[in-house]
Amino acid sequence: MKNKQIYGYARVSTQDQNLDRQIDLLKAYGIPERNILVDKASGKDYDRKAYNTLVGTPDTVSILREGDLLVVVSLDRLGRNYTETKDQWEHITKIIGADVKVLDMPLLDTTASNGNLDSRFIADLVLQILSYTAEKERENIRKRQQQGIEAAKARGKHLGRPKAERPENWNAVCSEWKQGHITARQAMDMLDMKRTTFYKMVGM
């Protein structure tokens, strides 16, 4: 049987975000850098290379084994979807048989149970409550955004970018251009307009 290993997992949502803070916290916990796997990918699903290396896929074997420990800085580094996060937690702790520890939420630490059913139940329950709360908040944000859009439309407000207004000298310059006295380029310069805006105004 292989020696028990401790792994860290860090994630940010986009390529330009920085992983240093998470990696520093995982290293400070005592995880060797070679055992810290990272993804720069959205947390909306689990189609992530490093994460799938840890927990496996239908076609690959997980590097996490029974008795190993997976450490993350916060729960949302695992994922943002309530149902899938709960499923992943159960996959790691019950199917693989590894432990999970969330650094910024001490109650989410299955190593604290040491076989104690009550402690593990509390960790699972806290996970469900936190994940559910986060999911409901995202739903509420989406609802509020949609309600705001509908209310604005009902009041006749224009949504999106504000419509460009014609300059004060538009009629005079446009007339000169249409009569062939100046070129379109000259008209754009006089109006201080870009080509796309100018022709869009012409067509209005």
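Note: the structure precedes this text.
So, how was this worked out
Residues numbered from 1 in each chain as written. Predicted model: local features only at pLDDT ≥ 70, side-chain atom pairs only at ≥ 80, totals over all residues. Heavy atoms only, no water. Helix = DSSP H or I, 4+ residues; strand = E, 2+ residues; numbered from the N terminus. Buried < 20%, exposed > 50% of the residue type's maximum accessible area, 1.4 Å probe, protein only. Contact = heavy atoms within 4.5 Å. Areas by Shrake-Rupley, 256 points an atom, 1.4 Å probe, with all protein chains shown as cover. Lys, Arg positive; Asp, Glu negative; His and termini not counted. Charge placed at Lys NZ, Arg CZ, Asp CG, Glu CD. 1 Å grid on protein atoms, 1.4 Å probe; cavity = no way out; pocket = protein on both sides within 12 Å on 5 of 7 lines; lining within 4 Å. Points joined across faces, edges and corners; volume = space filled by probe spheres on them. Nonpolar A, V, L, I, M, F, W, Y, C, P; charged D, E, K, R; others polar. Polar contact = N/O pair within 3.5 Å; in protein donor to acceptor, adjacent residues only side chain to side chain. Axes fitted to C-alpha atoms, helices over the stretch in contact; angles between N-to-C directions. Parallel < 35°, antiparallel > 145°, perpendicular 65-115°, else oblique.

S.K.: So, the overall build of the protein chain: which residues are in play, and what are the values?
M.R.: Within the protein chain, the regular secondary structure consists of seven helices and four strands. Tracing the protein chain from N to C terminus, the helices and strands come up as β-α-β-α-β-α-β-α-α-α-α. Counting all 204 residues of the protein chain, 35% fall into the buried class. Taking all contacts inside the protein chain whose residues are at least 6 apart in sequence as the whole, residues at least 24 apart take part in 60%. Total accessible area on the protein chain is roughly 13,200 Å²; 51% of this is exposed by carbon and sulfur atoms. Looking at the protein chain, you have 33 positive and 28 negative side-chain charges, and the mean spots of the two groups are 5 Å apart.

S.K.: Please give an account of the layout of surface pockets that cites residues and values.
M.R.: In this structure, the second largest pocket spans a volume of roughly 190 Å³. Surrounding the second largest pocket, 15 residues form its lining, Leu75, Asp76, Leu130, Ser131 and Ala134 being those nearest its centre. At the level of elements, helix H3 (82-96) and helix H4 (117-154) are the ones that each hand at least two residues to the lining of the second largest pocket. Tallied by class, the residues present in the lining of the second largest pocket amount to seven nonpolar, four polar and four charged.

S.K.: Which residues make up the side chain of asparagine 35, and what values go with them?
M.R.: Locating asparagine 35 in the fold gives a position in the loop between helix H1 (20-28) and strand S2 (36-40). A distance of 3.1 Å separates a polar atom in the side chain of asparagine 35 from the backbone oxygen of isoleucine 6. In this structure, asparagine 35 is in contact with Gln5, Ile6, Tyr7 and Gly8, ignoring residues within four places of it in sequence.

S.K.: Give a detailed account of the packing of helix H6 (residues 184-191) against helix H7 (residues 195-202), specifying residues and quantitative values.
M.R.: How two helices pack is summed up by the angle between their axes together with the distance between the axes. Axis separation between H6 and H7 bottoms out at 10 Å; the angle between their running directions is 100°. Considering their axes alone, H6 and H7 lie roughly perpendicular with respect to each other. Contact residues: H6 offers Ala184, Ala187, Met188 and Leu191, while H7 offers Arg195, Phe198 and Tyr199. When the residues that make up the contact of H6 with H7 are grouped by side-chain class, the tally is six nonpolar, no polar and one charged.

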